[in-house]
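The lines below spell out each chain.
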Amino acid sequence: MFELLGIPPQALFGQLLLGLINGSFYALLSLGLAIIFGLLNIINFTHGAQYMMGAFVAWMLLNYAGVPYWGALFLVPVIVGATGVVLERVFISRLYHLDHLYGLLLTFGLALIITGIFRNQYGISGLPYAMPKQLTGGQNLGFMFLPNYRGWVVVVSVVVCLATWFVIEKTRLGAYLRAATENPTMVGAFGINVPRLITLTYGFGVGLAAFAGVLAAPIYSVNPNMGADVIIVVFAVVVIGGMGSILGSILTGFGLGLVEGLTRVFYPEGSAVVIFVIMAIVLLVKPAGLFGREV
Amino acid sequence: MAEVELAGRPAPAASAEPLLKVEGLEGWYSESHILHGVSFDVREGEVVTLLGRNGAGKTTTLKAVMGILAKRSGSVMFEGRETIRLPARAIARLGIALCPEERAIFSSLSVEENLMLPPQVRPGGLTVEQIFELFPNIKERLSSQGTKLSGGEQQMLAIGRILRTGAKLLLLDEPTEGLAPVIVQQIGRTIARLKQQGFTIVLVEQNFHFAAVVADRHYVVEQGRVIDTIPNEDLAANTEKLHRYLGV
């Protein structure tokens, strides 16, 4: 077996895979955040809680209603997305004419409340969610062992991200969304129902977070704090990629996952802060983010 | 007034009931009261202009008719329907379309996406082929980013995209502003053709000579009111007065 700078390949590729898995979640979550920020101008701090809700609703569907993983993968984004639609209609839609800060405070408060409710109900020790048996086991690739479920997470994340990118950049609906992001008044003056577009966009962004939550459930235990742990990193990803940039958030999500994995191999002590160091450098050199448009 | 003859306008297809009837229209930008009771009407098939100095309230009048002014009151009747309480998207659906002064071409959309963005609200709009015939430049730039077009091309795109929708009443806000004479002529010919095809047009225009060629009637706007109406035939006789109004 070959070695790279004294690192056994098993460890290197293992960490890279782990980075890619984390990157998948970063990409899915930051994609939703970017879409929501682009159209609503709201920094959705509830995003982490909604990711956690995705995992919990999957767990509830399995344990209370007997709905397996595959059903949850479709049902959970719809259910959690619907709660997002209600939140947008009842609370968030009242803040569009105010400063960003109010949206941030509201969604941050909602995140605390939602997390608190789940913590109160289910404790913080975490609930197990069994891997679907079709995806147990793994493949020996010669240079490393690839657990099937982890491979599945990476593939399905890439597919969902690319599909979302395609809808936004290449379809009529996406053109409405991009146009409304730029000039909602004019889009309304063409006869398009912009408030409904905004509501559905928020619901979709929340649905993406919930989808990520379902994917995460069998890997990490289902825990009320799982959203709070990941959301800070995801915000750093969005800032690095450029606020509101769709492709930027996808590429940055996967890329930073890998960077984090590599750092864990070569300088483990740095792995927890590497993303924030990159964020600081990017903000200094290119304040609009790697893929953001300068204003 | 040789220019008037040049346009070769057919007689306005006058009908009894105006297509658009604006009465006592008031409008505000946040706290500032801009429109103080604008009244005018436009019959089907007519081209009328709103003339006036900068800041007189012409653009605000168009915005108020379109429904994109945050606060407005009074009466705006379209085809006999009161629209003052409707949101812009509902007004658009009735068949009114705005080409704004700043053109509002979307930079994140290609030329083709910009052109195809406004949904069809009524039957009877121009086909994409007919729009390309009016503005051949657009056809060659379909895949470009919308804002990469020249000013004139952006103006053509901004007009072209509202011709597809089937809107009967077009509100054009200074379509010739800042454009080369040859483009101004092209837009003038376009407006004449649109009139022939039965479109009704309200035009805000600083270019007085351009307005004289294309319009049936002129409303003079000052301090948020219509203070005078001049039929195009009487324009020559009123040149002095008009110059005083416009401060030229």
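Criteria and thresholds
- Residues numbered from 1 in each chain as written.
- Chains lettered and ligands numbered in written order.
- Predicted model: local features only at pLDDT ≥ 70, side-chain atom pairs only at ≥ 80, totals over all residues.
- UniProt positions renumbered as here; feature names shortened; annotations may be inferred.
- Pairing = 2+ DSSP bridges.
- Helix = DSSP H or I, 4+ residues; strand = E, 2+ residues; numbered from the N terminus.
- Expected span 1.5 Å × (residues − 1).
- Buried ≥ 20, exposed ≤ 12 C-beta atoms within 10 Å, placed from the backbone.
- Contact = placed C-beta atoms within 7 Å.
- Nonpolar A, V, L, I, M, F, W, Y, C, P; charged D, E, K, R; others polar.
- Axes fitted to C-alpha atoms, helices over the stretch in contact; angles between N-to-C directions.
- Parallel < 35°, antiparallel > 145°, perpendicular 65-115°, else oblique.
- Left-handed = near helix turned anticlockwise from the far one by under 90°.
- pLDDT = per-residue confidence, 0-100.

The name an unreviewed UniProt entry assigns to chain B is ABC transporter ATP-binding protein, from the organism Aquibium carbonis. Listed in UniProt under the heading Sequence similarities (unreviewed entry), the comment for chain B reads: "Belongs to the ABC transporter superfamily."

As recorded in an unreviewed UniProt entry, chain A goes by the name Branched-chain amino acid ABC transporter permease, listed as coming from Aquibium carbonis. We quote the UniProt Subcellular location (unreviewed entry) comment for chain A here in full: "Cell membrane".

Chemist: Could you clarify how one ought to interpret the sheet that holds strand β1 (residues 20–29) of chain B in this entry?
Modeler: Two orientations exist for strands paired in a sheet by backbone hydrogen bonds: parallel and antiparallel. All names here are of chain B. Ordered by their spatial adjacency, four strands build an open sheet running β2-β1-β4-β5, and the pairing between neighbours is antiparallel. The outermost strands of the open sheet, each flanked by one partner alone, are β2 (32–42) and β5 (81–82). Strand direction decides the pairing type here: β1 and strand β4 (residues 71–78), joined by seven bridges, are antiparallel. Paired with glycine 27 across the bridge in β4 is arginine 72.

Chemist: Teacher, can you tell me more about helix α8 (residues 181–196) of chain B here?
Modeler: For an α-helix, 3.6 residues make a turn, and residues three or four places apart therefore share a direction. Residue and element names in this part refer to chain B. With 16 residues, α8 extends 23 Å from end C-alpha to end C-alpha; this agrees with the ideal 22 Å at 1.5 Å per step. Among the residues of α8, Gln186, Ile187, Gly188, Ile191, Leu194 and Lys195 are the ones counted as buried. On its buried face, α8 sits against β3 (47–51), α7 (151–163), β8 (200–204) and α9 (208–214). Just beyond α8, the residue with positive phi is glycine 198, at close to 100°.

Chemist: Help me out: how do you make sense of the UniProt feature "transmembrane region" (unreviewed entry) in chain A in this one?
Modeler: Residues and elements named next belong to chain A. Per the UniProt record, "transmembrane region" (unreviewed entry) is found at residues 12–37, 72–92, 101–118, 149–168, 200–220, 232–259 and 266–285. Structurally, residues 101–118 comprises 100% helix and 0% strand, and the distance from its first C-alpha atom to its last is 26 Å. In residues 266–285, helix accounts for 65% and strand for 0%; the two terminal C-alpha atoms are 25 Å from one another.

Chemist: Teacher, can you tell me more about the interface of chain A and chain B here?
Modeler: Of the residues lining the interface, 13 residues belong to chain A; the matching set on chain B comes to 18 residues. The residue makeup of the side of chain A that touches chain B, split by class, is six nonpolar, five polar and two charged.

Chemist: Would you take a moment to explain the packing of helix α2 (residues 47–65) of chain A against helix α9 (residues 226–241) of chain A for this structure?
Modeler: Between two packed helices, what matters for the description is the angle formed by their axes and the separation of those axes. Residues and elements named next belong to chain A. Relative orientation of the contacting elements α2 and α9 amounts to 135°, with a least axis distance of 8 Å. Regarding the angle of α2 to α9, the classification is oblique. By crossing handedness, the relation of α2 to α9 is classed as right-handed. Contact with α2, carried on its side by His47, Gly48, Ala49, Tyr51, Met52 and Ala55, involves Met226, Gly227, Ala228, Val230 and Ile231 of α9 and no other residues of that element. Tallied by class, the residues present in the contact of α2 with α9 amount to eight nonpolar, three polar and no charged.

Chemist: Sorry if this is basic, but what is going on with the pairing of β1 of chain B here?
Modeler: Within a regular strand, the side chains alternate between the two sheet faces. All names here are of chain B. Bridging between β1 and β2 involves eight bridges; their strand directions are antiparallel. Looking across to β2, one finds that leucine 20 is bridged to valine 42. The antiparallel hairpin formed by β1 and β2 contains two residues in its connecting segment, where serine 30 sits at a positive phi of about 40°.

Chemist: How do you make sense of the sheet that holds strand β10 (residues 225–231) of chain B when you look at a structure like this?
Modeler: Residue and element names in this part refer to chain B. If you trace the six strands from one edge of the open sheet to the other, you get β6-β7-β8-β3-β9-β10, paired in mixed fashion. Only two strands of the sheet have a single partner each, and these edge strands are β6 (96–99) and β10. Strand-to-strand twist across the sheet, computed as the mean angle between neighbouring axes with direction ignored, equals 20°. Both β3 and strand β9 (residues 217–222) contribute to a ladder of four bridges, which runs parallel. Each bridged residue has a counterpart across the sheet, and for leucine 50 the counterpart in β9 is tyrosine 219.

Chemist: Would you take a moment to explain unusual backbone geometry for this structure?
Modeler: It is generally the case that most residues other than glycine have a negative phi and that most peptide bonds are trans. All names here are of chain B. A positive phi angle, near 40°, is found at serine 30, a position not held by glycine. One non-glycine residue, glutamine 223, adopts positive backbone phi at about 45°. By the secondary structure assignment, glutamine 223 is in the loop between β9 and β10.

Chemist: I would appreciate a short explanation of the confidence of the model for chain B in the present structure.
Modeler: The predicted structure's coordinates, where accompanied by low pLDDT, should not be read in detail. All names here are of chain B. With 93% of its residues at a pLDDT of 70 or more, chain B has an overall mean of 90. The low-confidence segment residues 1–14 (pLDDT under 50) makes 22 contacts with residues lying over four places distant or belonging to another chain. Interface confidence in the predicted complex, given as ipTM, is 0.89; pTM for the same model is 0.89.

Chemist: What is the right way to read the pairing of β3 of chain B from this model?
Modeler: Residue and element names in this part refer to chain B. A large share of β3 lies buried, amounting to five of its five residues. Side-chain alternation along β3 places Val47, Thr49 and Leu51 on one buried face and Val48 and Leu50 on a second face that is also buried. Pairing between β3 and β8: four bridges, direction parallel. Bridge pairing links leucine 50 to valine 204 in β8.

Chemist: Honestly, the packing of helix α10 (residues 246–266) of chain A against helix α11 (residues 274–285) of chain A in this entry has me stumped. Any pointers?
Modeler: Residue and element names in this part refer to chain A. In contact at an axis separation of 9 Å, α10 and α11 are set at 125° when each is read in the N-to-C sense. Accordingly, the angle class assigned to the pair α10 and α11 is oblique. Facing Leu256, Val259, Glu260 and Thr263 of α10, the residues of α11 in contact are Val274, Ile275 and Ile278. For the contact of α10 with α11, the per-class residue count stands at five nonpolar, one polar and one charged.

Chemist: Got a minute to help me understand helix α4 (residues 100–122) of chain A in this structure?
Modeler: Residue and element names in this part refer to chain A. With 23 residues, α4 extends 33 Å between its outermost C-alpha atoms, agreeing within 8% with the 33 Å of an ideal straight helix rising 1.5 Å per residue. Along α4, the positions that sit buried rather than exposed are Gly103, Leu106, Thr107, Ala111, Ile114, Thr115 and Phe118. Where α4 ends, the next residue or the one after it, glycine 123, has phi of about 75°, a positive value.

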